[in-house]
Amino acid sequence: MLTGKGMTEINKTIISGGVIITLLIIVAIIAPLISPSEPLAQNLSASLSSPGGSAFFGTDSLGRDIFSRVVYGSRISLTVGITVLTLTLFLGTFLGMLAGYFGGVLDSVLMRVSDVFMSFPPLVLAMIVMAFIGPGIANLVGVLVIIRWPQFARLVRGQVISVKGMAYVDAARIAGTHPLKIVLKHILPNCFAPVITYGTMSVGAIIIDETALSFLGLGIQPPAPSWGVMLADAKNYIAAAPWLVMFPGLAMIVTVLGFNLLGDGLGYLLNPKQSERIEVTHGNIKG
Amino acid sequence: MFKYVVRRLLILIPILLGVALISSLMFYIVPGDIVRVMLGQHIDPFTYANVRKALGLDIPFGENFLGFMRNICRGDLGFSYIQQRSVNQVILEALPVTIKLTVVSLLVTIIVGIPVGILAAVKDRRAIGQAVNYGAMIGFSMPSFLLALFLQLFFGVWLGWFPIAGSGRGLISYVLPGLAIGLPSAAFYARVARASMLEVLTQEYILFATARGLPFNRVIINHGLRNALIPVITQIGMDFGMFMTGAVLTETIFNLPGMGRLIFSSINARDFPVLRGALLFSALIVVIVNLLVDLSYIRLDPRIASAIVREGSDADR
Amino acid sequence: MEILRVNNLKTYFKTTHGTVKAVDGVSFSLNRGETLGIVGESGVGKSVTAHTVMGLARNIGAGIVDGEVWYEGKDLFADHGLYGQVRGAKIALIPQEAGTALNPVMTVGDQLGEVLSVHLALSGSEKQQRIVQLLGLVELPNPSQTARLYPFQLSGGALQRVLLAIALSCGPEIIIADEPASSLDTTIQAQILGTIRDIKRKSELSMILIAHDLGVISQNCDRLLVMYGGRVMESGLTSEILRQPLHPYTIELLEIYRCLDEGDLGCDFNKGYLPSSYEDVPGCAFAGRCRQARDRCRTERPAPLIINDNRTVSCHFLSA
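Given the structure is predicted, the values throughout are model-derived calculations rather than measurements.

A. Inspection of unusual backbone geometry at higher detail. In this structure, P223(A) follows P222(A) across a cis peptide bond, with omega equal to 10°. Within the secondary structure, P223(A) is located in the loop between α8 (179-215) and α9 (227-236). In this structure, N142(C) takes a positive phi of about 55° despite not being glycine. Here N142(C) lies in the loop between α5 (124-137) and α6 (143-146). The class of N142(C) is exposed, set by 11 C-beta atoms lying within 10 Å. With a phi angle near 45°, E179(C) is a residue other than glycine that sits in the positive phi range.

B. Focus on the domain arrangement of chain C. Residue and element names in this part refer to chain C. Per the domain assignment, the segments of chain C are domain 1 (2-90 + 175-185 + 210-319) and domain 2 (92-171). Here the C-alpha centroids of domain 1 and domain 2 sit 30 Å apart. Domain 1 puts 15 residues into the contact, and the matching count from domain 2 is 13 residues. When contributions to the side of domain 1 that touches domain 2 are tallied by element, the ones reaching two or more residues are α1 (46-53) and β7 (174-178). A per-element tally of the side of domain 1 that touches domain 2 places β7 first, with four residues. The class makeup of the residues in the side of domain 1 that touches domain 2 is nine nonpolar, four polar and two charged.

C. Layout of the confidence of the model for chain A. All names here are of chain A. On average, chain A scores 79 in pLDDT, and the residues at 70 or more come to 88%. Taken element by element, the predicted model of chain A shows its lowest mean pLDDT in helix α11 (residues 272-279) (42) and its highest in helix α3 (residues 66-102) (88). Scored below 50 in pLDDT, residues 274-287 shows 39 contacts in the model against residues more than four places distant or in partner chains.

D. How the structure looks around the sheet that holds strand β5 (residues 74-75) of chain C. Residues and elements named next belong to chain C. An order of β2-β1-β4-β5 is seen for the four strands of this open sheet, with the pairing classed as antiparallel. The open sheet is flanked by β2 (18-31) and β5, the only strands paired with a single partner. The pairing of strand β4 (residues 64-71) with β5 spans two bridges and is classified as antiparallel. Considered in β5, the bridge of W70 is made with D75.

E. Molecular detail of the interface of chain B and chain A. Of the residues lining the interface, 45 residues belong to chain B; the matching set on chain A comes to 39 residues. Considering only residue class, the side of chain B that touches chain A consists of 33 nonpolar, nine polar and three charged.

F. Inspection of the nonpolar core at higher detail. Ranked by internal contacts, the top residues of the largest apolar core, which has 241 residues, are M127(A) and I176(C). Broken down by element, this core gets its largest block of residues, 15 residues, from helix α8 (residues 175-201) of chain B. Counting the residues that make up this core, at least three belong to each of domain 1 (2-90 + 175-185 + 210-319) and domain 2 (92-171) of chain C. The contact partners of I176(C), leaving out residues within four places of it in the chain, are A50(C), V53(C), M54(C), I91(C), L93(C) and I208(C).

G. Main features of the sheet that holds strand β8 (residues 206-211) of chain C. Residues and elements named next belong to chain C. Ordered in space as β6-β7-β8-β3-β9-β10-β12-β11, the eight strands form an open sheet in which the pairing is mixed. Where the open sheet ends on each side, the last strands, each with one partner, are β6 (91-94) and β11 (305-308). Pairwise comparison of adjacent strand axes, ignoring direction, gives a mean angle of 20° for this sheet. Where strand β10 (residues 231-237) lies against strand β12 (residues 311-313), two bridges are found, and the strand directions are antiparallel. When the bridges of β12 are listed, E234 appears paired with V313.

What counts and how
Residues numbered from 1 in each chain as written. Chains lettered and ligands numbered in written order. Predicted model: local features only at pLDDT ≥ 70, side-chain atom pairs only at ≥ 80, totals over all residues. Helix = DSSP H or I, 4+ residues; strand = E, 2+ residues; numbered from the N terminus. Buried ≥ 20, exposed ≤ 12 C-beta atoms within 10 Å, placed from the backbone. Domains from an automatic or database assignment. Contact = placed C-beta atoms within 7 Å. Nonpolar A, V, L, I, M, F, W, Y, C, P; charged D, E, K, R; others polar. pLDDT = per-residue confidence, 0-100. Pairing = 2+ DSSP bridges. Core = buried A, V, L, I, M, F, W, Y, C linked by C-beta atoms within 7 Å. Axes fitted to C-alpha atoms, helices over the stretch in contact; angles between N-to-C directions.

Below you can see the structure in the form of structure tokens.
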């Protein structure tokens, strides 16, 4: 029973997350309209100037307007985030479903492979591949998909296995329904909820990954205005020009927060047991 | 029970093999000639031939790989031609730094994160519970390297309280990096702990514990925490690998010569032997820690132990 | 001799759809040495009443709790702190679901020992002995071994006995048993109730027994409280009520029980339903289902009519 108080809290989370993300998308789309200058335009005479005047967020070492760069950077982050998520979602779901439904050798192989992937320190695999096959956004997206798909596959596999054991699936199978139909009609719908929740929250992590790689010089390359690239540059002037760190940093925090809030809210919404808890908790255990 | 441990140990092997395999493949997939990539374009033919032979690039991959595995069993992870010393040495040098950093980060996570999470659960209906929940959300929306930069800026540059680079000044050098890794992690675990505790608090046995007259504190600690912490501890154990080796960015920012930075610099320097050795070593640690966590989980939750004994199969796969 | 008196107990739950009046003005008393049965179909508020008397209404999520619970000359509701000494030690609860009532990661013996430590300050070997003794008292085989087992390793019946042991551990005056063993096999249920009866005979234990089985009721309860819609419909000596039920609901309830007992497929039940919990019921709670309901029944709540020393009925129809 979703009671009133519980729902309001969920709604607050989803709405705040949704608002943030919508704003972000809008900003990314209308970037050219709201940026005072081109993100790549240098103006050495105004380099490292503090926020104020025409440069709301100040300028960097090459005189580029930070505000414009942050705004354009949002395009990069969102594009990478959503693209990687979509691809990972499909790949992971597909493989997870195969492994979960057919089990046996296929399942074991998948599990071992994903174990191996997960035994590498996070991001290191991405770093290695990026270092060797070269930078570029296509490579970056590919690499991020490679390191993320095992988690999705495991999640879906788990769901499939638990649904597979349910009576109505057995009934369908006995009735002779084609496996594909069983999968699509019965099993898939049950995977939606956790996958959507996990997926939404993953976008934040993907954006962090992209930023981290770019920060290390292994992702998006300068002079593209990726927030990671901006932070790498900012690191060198951290004492002299703190705004170089703060604005891209804040942009990143807000973005990730937006996705986390949305994912969190969705998680509660799609998992009624948890939201029930909000209302009927053993709140005041004393007395 | 013993069979379970043995089976788990056996599973380790393919995983480690997989890691070793992938790391070794690196030598072959790099565009260009690997020896020249490592040591420069203009090395003399003599050195070139020697290094090439030593790396086993003359012989087929299979043999080479087997040789590598044999070396590993002897404890030899290879030799770095760029640094002119054994990989073992390089790793052993970096290890203490990483251990200290990991310990500090874990302490921060556990000391800050778990009590906060538990508190948020117990006071869930009060404002403070909700505030903590959302505060934690903000906390883990901030990646550690970003926090590292902010901390560096705030505490290192502006306030000058803590060193911002190097491991030179002893334990105090680990404070900022430890916080940078530990705080976002603490935020994450606060939420995990909170969710777990909330789940536990709605259980019937908590009500009954109160019903039989046990005092509030006792109910929370002996019955609530005892159950709620199990998933939290296992989660921390599983993330241990991340703690140890995911510190690449933080170590780079604070210039700490640990495993993370080692991996990064060996990628940049194209020092493949070191990279391969470091990766394998990390994987080994992660896998061993996971095993230990699984075993401790058995000790913590008696239901798992009996499930294993009864079914004679992996309870967690 | 009266040892527990409950006056006008009210327990309301707040939800988005309205207030659920799970317990709406329940009063009764319990005499020393007797077993008071609370009966009624599922959902009439028996369990909530039990928890409310134990002072646990808020713990199960109630918003409004009102009334008086007089024990040992004090109103426990006036000073909730008193419950600390009363719960488990003087008034003990045996919960309905044995399987989930115990902490899964602690041994049964440890959980029994906990209560002993907290209420009786026992420790060490003395505590161990008492644990084994208690487990033996409730007729568990191999008490010292059983003490080392975890809840999931015990059968439903064994767990129920453990709960009984916990309830008895500190020598309480009153036991409130919430449909004990109702989810188990009838034979096991009978055995457990038999054990309870034996123990009760030897001590001067008083009991409130929540039940919905005619056999259980007739065998165990001295007096009965018939509840419906969170209110008391009728109360009195079991023998009298069974012989001559007065309230329409009691009559129907007994009909249903007898019908089920005899396996008669031709039972004619008035197909009514409990008033939707969210509706406010100004009149008699049973009006929606009662065959003899009149206008007055729907608008005016009947007050308890005292027929004799032991008997009360809340029905307009009778007072007419």
